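# Understanding the architecture of this molecule
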Amino acid sequence: MAKKILERPKGFYAEFERKPGDKGATHYCPGCGHGNIHKLIAEAIEDLELQDRMIMVSPVGCSVFVYYYFATGNIQVAHGRAPAVATALKRANPHAIVVCYQGDGDLAAIGGNEILQAANRGEHLTVFFVNNAIYGMTGGQLAPTSLPGMKTTTTPYGRDIHNEGPPMKMAEFLANLEGPTYIERTALWDNKAISNTRRAIRNALRCQMEGRGFSMVEILSACPSGWKVDPAHQSEWMKENMGPFFPLGITKDLREQREPWFREKIAVEDEALLAALDLALAEPKRLPSALRDPRYANPSIKLAGFGGQGILSAGAMIANAGMEQGFHTSWIPSYGPEMRGGTAYCFVCINAEPIGSPTVTHPDVLMAFNRPSLEKFAADLHPGALLMYDSTIIDVPPKRGDIEALAVPATQMAEDLGNTRMANTIMVGAYLAKSGILSLAAMEQTLPLALKRKNLIEANAKALGVGFAFAKDR
Ligand code: SF4
């Protein structure tokens, strides 16, 4: 009888939601090494029974979407800051297994000092450092680990070590510090190397589980898109070109010598902390809003369109006005790491109560500024939610009959005012009138916070009024 012996490790989600279509596909390019590394980590999570304890800290870079794949705790952080955030997570949750997943730009360039300090402190973290010798997500720029002579978009004549210096060898560099316990460099260029990487990943995780301190595995990995190498030949390219500069092996191993120790969880009471800082909780200000309908109270809002349409600024306008009126507010921008055809969107929450999560999966309000955004996100609205869309650009009305739709010819109205780039502000003005949750006065007052060019404030204030008048009685 046939027996199924291979299945998706429990460290992965059953379905990957990042890309539409095939729920088994990742967003990585063909031949990319991240997929292999993810698989090795996911298997280790299952075998070491870490799923309920692990917090993955994902970076900025191609692996920014780690949280779409690992069925663990996840947090995505600012560029290079993974070790700092991971430190806080580990100290607040000593029982958690905290893992930083970082690329070479993230770890060795902008985050160089973060990793140095965390390693030197001997933080009880595990770092998986994916070294593909190039900035992949942003289009193939020179990384600290790019090879001598390597052509990148910022070194079109090749890396000249007299100009850019030699590649940084992070596994050797960090091994010189007192703090780390276990550091090894591995690769993915053949089965033996992959098998060694599998072992090293487990060693690093066990190091943390046993309370022995900081561990890191530097993994030489392929970026055929950045290297401009046929994915079918990435393994040979990696071995031939990266192998000579980055010797494999353990650069530091004190696992046997270091006594296990575990940090106590520190309980901090809010009142005690405030008293120690000589602070008092400010009385929240709450300005009156002219809420027309309770349906619009406490909205979670998604604004979506193309980069350049002012999506993030429109969200910031709403969030700033919300704060001005004394609401709890959050604003989270999001733009894809894809090298082409990226969308821009942001989440805004305005709430009379503290906000549990600032991400918005099923919004109460969607402002769609282009057709792909409407088609992609309208399905996420819950029944009765409000959909506002720029009907100058989106000429196909939404299909759903169980939501409230408001067509705002925002781009046309902005053109009538002399600048199509104010379509975002017109949409915000229309939202104010429709919902009544925020006042026009609060919005006008906070407009300068969201607009970088101060000479545009007056015109945008006018655009707000135009959008407001349009939606006032609709
Ligand atoms: S650009 Fe490079 S690292 Fe990024 S997904 Fe593509 S192959 Fe992988």
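Quick note: structure is the one above.
Attention in this report is confined to the structure presented alongside it. (Residues numbered from 1 in each chain as written. Predicted model: local features only at pLDDT ≥ 70, side-chain atom pairs only at ≥ 80, totals over all residues. Heavy atoms only, no water.)

### Quick word on the packing of aromatic side chains
Put simply, the rule is: Any Phe, Tyr or Trp ring, taking Trp's six-membered ring, that has another such ring centre within 6.5 Å forms a pair; planes under 30 degrees apart are called stacked, those over 60 apart edge-to-face, and the others tilted. Helix and strand definitions here come from DSSP, where helices need a minimum of 4 consecutive H or I residues and strands a minimum of 2 consecutive E residues; each element is numbered from the N-terminal end. Only protein chains enter the area calculation, which uses a 1.4 Å probe; residues under 20% of their type maximum are buried, those over 50% are exposed, and those in between are partly exposed. A ring is considered to have a charge above it if a Lys NZ or an Arg CZ atom is located within 6 Å of its centre and within 35 degrees of its normal.
One pass over the structure, following the stated rule, counts 10 aromatic pairs. Pairing F12 with F70 gives two aromatic rings, centres 5.5 Å apart and planes at 35°, and the pair type is tilted. Pair noted here: F12 is in the segment before α1 (34–47) and F70 is in the loop between β1 (54–58) and β2 (73–76), with a separation of 58 residues, a long-range link. Across this residue pair, the class does not change: F12 and F70 are buried. Aromatic rings pair up to connect F12, F16, Y28, Y69 and F70 into one cluster. In this structure, K302 is placed above the aromatic ring of Y345, and the distance from its NZ or CZ to the ring centre is 4.6 Å. Note that K302 overlies the ring of F377, its terminal NZ or CZ placed 3.6 Å from the centroid.

### So, the pairing of strand β4 (residues 126–131)
Formally: A strand pair is defined by DSSP finding two or more bridges across the two strands.
Along β4, six of the six residues are buried, which leaves the element largely enclosed by surrounding structure. A two-sided burial pattern is seen for β4, the buried positions comprising T126, F128 and V130 on one face and V127, F129 and N131 on the other. Direction of pairing for strand β3 (residues 97–103) relative to β4: parallel, over a ladder of five bridges. For G103, the partnering residue across the bridge sits in β4 and is V130. Pairing of β4 with strand β6 (residues 215–220), which is carried by six bridges, proceeds in the parallel orientation. Bridging across to β6, V127 finds its partner in M216.

### Let's talk about the site of the ligand
For clarity, the threshold we go by: Being near a molecule or strand, for a residue, comes down to having at least one heavy atom within 4 Å of it. Under the scheme applied, nonpolar residues are Ala, Val, Leu, Ile, Met, Phe, Trp, Tyr, Cys and Pro; charged residues are Asp, Glu, Lys and Arg; polar residues are all the others, including Gly.
The full set of residues close to the ligand is Y28, C29, C32, H34, C62, N132, G136, C223, P224 and S225. Tallied by class, the residues present in the shell around the ligand amount to six nonpolar, four polar and no charged.

### Examining unusual backbone geometry
Backbone geometry places K228, a non-glycine residue, at a positive phi of 60°. Relative to the assigned elements, K228 resides in the loop between α8 (224–227) and α9 (234–242). Looking at K228, the relative accessible area reads 67%, which means it is exposed. Residues other than glycine seldom take positive phi values, yet D278 does so here, at roughly 60°. Checked against the element boundaries, D278 lands in the loop between α10 (270–276) and β8 (300–306). The exposure class assigned to D278 is exposed, which follows from its relative accessible area of 71%.

### A closer look at the environment of P299
Note the threshold: The contact criterion used is simple: two residues touch if any of their non-hydrogen atoms lie within 4.5 Å.
Residue placement: P299 occurs in the loop between α10 and β8. We classify P299 as buried; its relative accessible area is 3%. Through-space distance from the C-alpha of P299 to that of L366 is 10 Å; in sequence the pair is 67 residues apart. Beyond its immediate sequence surroundings of up to four residues, P299 is in contact with V348, C349, I350, D364, V365, Y431 and I437.

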